[in-house]
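Chain by chain, the residues:
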Amino acid sequence: MATTRKNKKSSQERSASVCACINLRRSSMAVTGLYDRYLAPSGLNISQFSLLKHLTALGPASVSELALEMRLDRTTIVRNLKALEHSGYVEDTSAEGSRNRCLTLMESGRTVYNDAAELWEEAQRFLQESLGKENLHILTSLLSKIEHLSL
């Protein structure tokens, strides 16, 4: 007899894996999805929002500077920049023939970032309310320790 969907455990009933890596990846996907849903009305996803946030703070920056500041690899930055450039939120303002790109936040990018910031704050509040302020602080501390394991 075929197993029906009713017989399968729901995702909430499933226990965590014994593999820390799998648990972190699953959690990362869940949190990314959460922020993406909150940011959806702005037309941005969390990766794009984060790029705009960093460009707002840094001002014009190269891909390498952004990657260093965000602690992500350059290919991830470039992949996420494509949609922002296509939408006119970010522009390469480097001199013609320059080997390095100079990424500049355009006024439309600043506007969409400012509008999306309120949505991002809502996602932050939801996560803090769901986990509890102390648990979120512990999680953030643990994630920082994990990030530094690779250094």
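Refer to the preceding data block for the structure.
Reading the values: the criteria
Residues numbered from 1 in each chain as written. Predicted model: local features only at pLDDT ≥ 70, side-chain atom pairs only at ≥ 80, totals over all residues. Heavy atoms only, no water. Phe/Tyr/Trp six-rings, centres within 6.5 Å; stacked < 30°, edge-to-face > 60°. Helix = DSSP H or I, 4+ residues; strand = E, 2+ residues; numbered from the N terminus. Buried < 20%, exposed > 50% of the residue type's maximum accessible area, 1.4 Å probe, protein only. Lys NZ or Arg CZ within 6 Å of the ring centre and 35° of its normal. Axes fitted to C-alpha atoms, helices over the stretch in contact; angles between N-to-C directions. Parallel < 35°, antiparallel > 145°, perpendicular 65-115°, else oblique. Left-handed = near helix turned anticlockwise from the far one by under 90°. Contact = heavy atoms within 4.5 Å. Expected span 1.5 Å × (residues − 1). Patch = residues over 30% accessible without salt bridge, like charges linked within 9 Å, V, L, I, M, F, W, Y side chains within 5 Å. Areas by Shrake-Rupley, 256 points an atom, 1.4 Å probe, with all protein chains shown as cover. Salt bridge = Lys/Arg side-chain N within 4 Å of Asp/Glu carboxyl O. Disulfide = S-S within 2.5 Å.

1. Some points on the packing of aromatic side chains
Point 1. Applying the stated criterion across every chain yields a total of three aromatic pairs.
Point 2. Judged by centre distance (5.2 Å) and plane angle (25°), the ring pair of Phe-49 and Tyr-113 falls under stacked. In this pair, Phe-49 sits in helix α2 (residues 46–58) while Tyr-113 sits in helix α5 (residues 107–131), placing the two residues 64 residues apart along the sequence.
Point 3. Taking the relative accessible area as the measure of exposure, Phe-49 reaches 1% and is therefore buried.
Point 4. Classification of Tyr-113 as buried rests on a relative accessible area of 12%.
Point 5. Among the aromatic residues, those joined into a cluster by ring pairs are Phe-49, Tyr-113 and Trp-120.
Point 6. Positioned above the aromatic ring of Trp-120, the side-chain terminus of Lys-53 is 4.5 Å from the ring centre.

2. Details of the packing of helix α1 (residues 20–39) against α5
When two helices pack together, their arrangement is given by the angle between the helix axes and the distance between those axes.
Point 1. α5 packs onto α1 with a crossing angle of 140° between their chain directions and a minimal axis gap of 8 Å. When the axis of α1 is compared with that of α5, the two are oblique. At the point where α1 passes α5, the crossing takes the right-handed sense. Contact residues: α1 offers Leu-34, Tyr-35, Tyr-38 and Leu-39, while α5 offers Ala-116, Leu-119, Trp-120, Glu-122, Ala-123, Gln-124, Phe-126 and Leu-127.

3. Regarding helix α4 (residues 74–86)
Point 1. The terminal C-alpha atoms of α4, which comprises 13 residues, lie 18 Å apart, in line with the 18 Å expected from a rise of 1.5 Å per residue.
Point 2. Looking at α4, one finds that the buried residues are Thr-76, Ile-77, Asn-80, Leu-81 and Leu-84.
Point 3. The inward-facing, buried residues of α4 contact α2, α3 (63–70), β1 (90–92) and β2 (103–105).
Point 4. Where α4 terminates, the next one or two residues include Gly-88, which has phi positive at roughly 80°.

4. Topic: a nonpolar patch on the surface
Point 1. A cluster of nonpolar side chains, contributed by Leu-24, Leu-131, Leu-139, Leu-143, Ile-146 and Leu-149, occupies part of the molecular surface with about 510 Å² of accessible area.
Point 2. Tallying contributions element by element places helix α6 (residues 133–149) first for the nonpolar patch, with four residues.
Point 3. Following the sequence through the fold, Ile-146 ends up in helix α6.
Point 4. The exposure class of Ile-146 is partly exposed, given its relative accessible area of 37%.

5. Here's the deal with the pattern of salt bridges
Point 1. Taken as a whole and judged by the stated rule, the model has three salt bridges.
Point 2. Residue Glu-147 is joined to Arg-71 by a salt bridge in which the shortest nitrogen-to-oxygen separation is 2.5 Å. Linking Glu-147 in helix α6 with Arg-71 in the loop between α3 and α4, this pair joins segments that are 76 residues apart in sequence.
Point 3. With its nearest N and O atoms 2.2 Å apart, the salt bridge here joins Glu-85 to Arg-101. You can see Glu-85 sitting in helix α4 and its partner Arg-101 sitting in the loop between β1 and β2, a full 16 residues away along the chain.
Point 4. A relative accessible area of 25% places Glu-85 in the partly exposed class.
Point 5. In this structure, a network of salt bridges that share partners links the residues Glu-85, Asp-92 and Arg-101.

6. Quick word on the state of the cysteines
Point 1. Per the counting criterion, the structure on display carries zero disulfides.
Point 2. There is no disulfide at Cys-19, and the cysteine sulfur nearest it, in Cys-21, is 5.1 Å away.

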